[in-house]
Amino acid sequence: IKAAVFASGTGSNFEAIMKAENVACEIALLVCDKPGAKVIEKAERLGVQTFVLNPKNYPSKAEYESEVLRAVRKHEVEWIFLAGYMRLIGPTLLEAYEGKILNIHPSLLPAFPGKDAIGQAFQAGVKVTGVTVHFVDEGMDTGPVIAQEQVPILPEDTEETLKNRIQQVEHVLYPRVINQVVADSR
Ligand code: GRF
């Protein structure tokens, strides 16, 4: 079973998915909407094909997504895993991959959706935040929740230490949930 990871940034979750054991699917493609993003080097180093494109070069979201769709279909991708992909998925991809797109978000959704969830939780002064893996719908971090894990915010935390703790949880949770969901769908 082939899958694609969509990412815009550093790619630590991409790397965690690639390095996971007992994988239920093969990551056949990295789709990146940010030329120059760190995740591209990581994919090249790991021997994963990359498809990098700049949305600004397309007249509409639909045309941008049609180009992405051609690429994932060419690679026979069945599942799409968003990992720091900083863009809402539109109808073109949602209809083609209904129920087959997952996202990871660094908060206990529905709390702190959108950008900088870690900073939002830190500023809010909550004592517990966490990580959510969910199915993707047309909203921003709104699809059905598959799994959540709590992460405490400690009195001595800075945003940086909190982020590190959250990412450690992400790197274990996402590969595990991916395996589970893909295996369950067979
Ligand atoms: C992660 O914290 C993920 O939850 C969020 O974006 C971040 C991506 O980090 N959606 P990385 O690029 O995987 O290191």
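As recorded in an unreviewed UniProt entry, the chain goes by the name Phosphoribosylglycinamide formyltransferase, listed as coming from Ornithinibacillus hominis. According to its UniProt record, the chain has this under Catalytic activity (unreviewed entry): "N(1)-(5-phospho-beta-D-ribosyl)glycinamide + (6R)-10-formyltetrahydrofolate = N(2)-formyl-N(1)-(5-phospho-beta-D-ribosyl)glycinamide + (6S)-5,6,7,8-tetrahydrofolate + H(+)". UniProt, in the comment section headed Function (unreviewed entry), describes the chain in these words: "Catalyzes the transfer of a formyl group from 10-formyltetrahydrofolate to 5-phospho-ribosyl-glycinamide (GAR), producing 5-phospho-ribosyl-N-formylglycinamide (FGAR) and tetrahydrofolate."

Q: Pulling in residues and values, what's your account of the sheet that holds strand β1 (residues 2-7)?
A: Strands sit in the order β3-β2-β1-β4-β5-β6-β7 across an open sheet of seven strands; the sheet is mixed. Every other strand in the sheet has two partners, leaving β3 (50-52) and β7 (145-152) as the edge strands with one partner each. The average angle at which neighbouring strand axes cross in this sheet is 20 degrees, direction not considered. Two strands pair when backbone bridges link them, and strand β6 (residues 128-135) and β7 are joined in this way by seven bridges, in the antiparallel orientation. Note that in β7 the partner of H134 across the bridge is V145. Helix α6 (residues 159-184) rests against β4 (79-82), β5 (101-105), β6 and β7 of the sheet, and its axis sits at about 160 degrees to β7.

Q: I'd like to hear about the site of the ligand, residue by residue, with values.
A: The immediate surroundings of the ligand are formed by 14 residues, with G9, T10, S12, N13 and G84 found nearest. Those elements that place two or more of their residues in the shell around the ligand are α1 (12-19), β5 and α6. Residue contributions to the shell around the ligand peak at three residues, all from α1. Here the residues of the shell around the ligand are counted per class, giving five nonpolar, eight polar and one charged.

Q: Which residues make up the packing of helix α5 (residues 117-124) against α6, and what values do they have?
A: Look at α5 against α6: their axes get within 10 Å of each other, and the N-to-C directions meet at 125 degrees. Our classification of the angle between α5 and α6 gives oblique. Seen along the crossing, α5 lies across α6 with a hand that is right-handed. Residue-level inspection shows I118, G119 and F122 of α5 in contact with α6, the latter providing E159, L162, K163 and I166. Each residue belonging to the contact of α5 with α6 can be placed in one class, and the counts come to four nonpolar, one polar and two charged.

What counts and how
Residues numbered from 1 in each chain as written. Predicted model: local features only at pLDDT ≥ 70, side-chain atom pairs only at ≥ 80, totals over all residues. UniProt positions renumbered as here; feature names shortened; annotations may be inferred. Pairing = 2+ DSSP bridges. Helix = DSSP H or I, 4+ residues; strand = E, 2+ residues; numbered from the N terminus. Axes fitted to C-alpha atoms, helices over the stretch in contact; angles between N-to-C directions. Contact = placed C-beta atoms within 7 Å. Near = placed C-beta within 6 Å. Nonpolar A, V, L, I, M, F, W, Y, C, P; charged D, E, K, R; others polar. Parallel < 35°, antiparallel > 145°, perpendicular 65-115°, else oblique. Left-handed = near helix turned anticlockwise from the far one by under 90°.

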